[in-house]
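Commentary on secondary and tertiary structure
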Amino acid sequence: QVQLVESGGGLVQAGGSLRISCAASGRTFSNYAMAWFRQAPGKEREFVAAISWSGNTYYADSAKGRFTISRDNAKNTVYLQMNSLKPEDTAVYYCAARVKVIVTMAALYDYWGQGTQVTVSS
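I will try to describe carefully the structure that is included in this document. (Residues numbered from 1 in each chain as written. Predicted model: local features only at pLDDT ≥ 70, side-chain atom pairs only at ≥ 80, totals over all residues. Heavy atoms only, no water.)

Digging into the overall build of the chain
Here is the rule: Going along the chain from the N terminus, every DSSP run of H or I of four or more residues is numbered as a helix, and every run of E of two or more is numbered as a strand. For a compact globule the rule gives 2.2 Å times the number of residues to the power 0.38, and the radius of gyration it is set against comes from C-alpha atoms. Whether a residue is buried, partly exposed or exposed follows from its accessible area with a 1.4 Å probe, protein chains only, as a fraction of its type maximum: under 20%, in between, or over 50%, in that order. Only the protein chains shown count as cover for residues, with accessible areas throughout obtained via the Shrake-Rupley method and a probe of 1.4 Å. Only four residue types enter the tally: Lys and Arg on the positive side, Asp and Glu on the negative side, with His and both chain ends excluded. Think of each charge as sitting on NZ of Lys, CZ of Arg, CG of Asp or CD of Glu.
Helix and strand counts for the chain come out as zero helices and eleven strands. Ordered by position in the sequence, the α and β elements of the chain form the string β-β-β-β-β-β-β-β-β-β-β. Against the globule reference of 14 Å for 122 residues, the chain gives a C-alpha radius of gyration of 13 Å, in line with a compact fold. Structurally, the chain occupies a C-alpha span of about 40 × 30 × 25 Å along its principal axes. Here the chain holds 122 residues, and the buried ones make up 44% of them. Surface exposure of the chain reaches about 6,200 Å², of which carbon and sulfur atoms provide 48%. Counting 12 positive and 8 negative side-chain charges, the chain places the centres of these two groups 5 Å from one another.

As structure tokens, this is what we get:
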């Protein structure tokens, strides 16, 4: 079992930056691929970024060039640095974990955090 707790969300102006974090506990964190998803009101949960156990990364087109996912296995934490934020980035951001390879489909992730709200004002 893996427990995930997100933090760092908040209100930021368009063009600003925010870093959100996800602290993991339970099983060996370094064995897991980690991902960030987000869900805006009335919309489906969508993939944002993922990082493999070895540090390979993959981004949704909407995140490329603006967001950076990273992990610190010593701290059991994964981060999402978000720059040049836009109002359309407003959503609840969820951290997810799964064994083995990176995938973009939410249903294939085994563990989820409770989410952290990110609101970007125009």
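Anyway, onward from the coordinates.
A word on the environment of G8
Filter applied, for reference: A contact between two residues is defined here by any heavy atoms of the two lying within 4.5 Å.
Along the polypeptide, G8 turns up in the loop between strand 1 (2-7) and strand 2 (10-13). With 108 residues separating them along the chain, G8 and T116 place their C-alpha atoms 7.2 Å apart. The residues contacting G8, other than those within four sequence positions of it, are L18, R19, I20 and T116.

A closer look at the state of the cysteines
The line we're drawing: Pairs of cysteine sulfur atoms within 2.5 Å are identified as disulfides in what follows.
The tally for this structure, following the rule as stated, stands at one disulfide. Linked covalently through their sulfurs, C22 and C95 form a disulfide whose S-S length is 2.1 Å. Across the S-S bond of C22 and C95 the torsion is about -80°, and the bridge reads as left-handed. Residue C22 is located in strand 3 (residues 18-26), and its partner C95 is located in strand 9 (residues 91-99); the two are separated by 73 residues in the primary sequence.

Brief notes about the pattern of salt bridges
A side chain with one charge can pair with a side chain of the opposite charge if their charged atoms come near. Which entries qualify depends on this criterion: Definition used for salt bridges: Asp or Glu carboxyl oxygen within 4 Å of a side-chain nitrogen of Lys or Arg.
Under the defined criterion, the tally for this structure stands at four salt bridges. For the salt bridge of E46 with R38, the shortest nitrogen-to-oxygen distance reads 2.5 Å. With relative accessibility at 7%, the residue R38 sits in the buried group. Put simply, K64 and D61 hold a salt bridge, and the shortest N to O gap is 3.2 Å. Residue class for D61 comes out exposed when judged on its relative accessible area of 65%. Salt bridges here are not isolated pairs; linked through shared partners, they connect R38, E46, R66 and D89.

Here we look at the packing of aromatic side chains
Definition in use: For Phe, Tyr and Trp, where Trp contributes only its six-membered ring, two rings pair if their centres lie within 6.5 Å, and the inter-plane angle classes them as stacked under 30 degrees, edge-to-face over 60, or tilted in between. Only when the NZ of Lys or the CZ of Arg is both within 6 Å of the ring centre and within 35 degrees of the ring normal is a charge said to sit over the ring.
Per the counting criterion, the structure on display carries seven aromatic pairs. Ring geometry for F37 and Y109: centres 5.4 Å apart, planes at 75°, overall edge-to-face. Taken together, the positions of F37 in strand 4 (residues 32-39) and Y109 in the loop between strand 9 and strand 10 (111-112) put the pair 72 residues apart, joining distant regions of the chain. For F37, a relative accessible area of 1% gives the class buried. Members of the aromatic cluster, connected to one another through ring pairs, are F37, F47, Y58, Y94, Y109 and W112. Lying across the ring of Y94, R45 places its NZ or CZ 3.8 Å from the centre.

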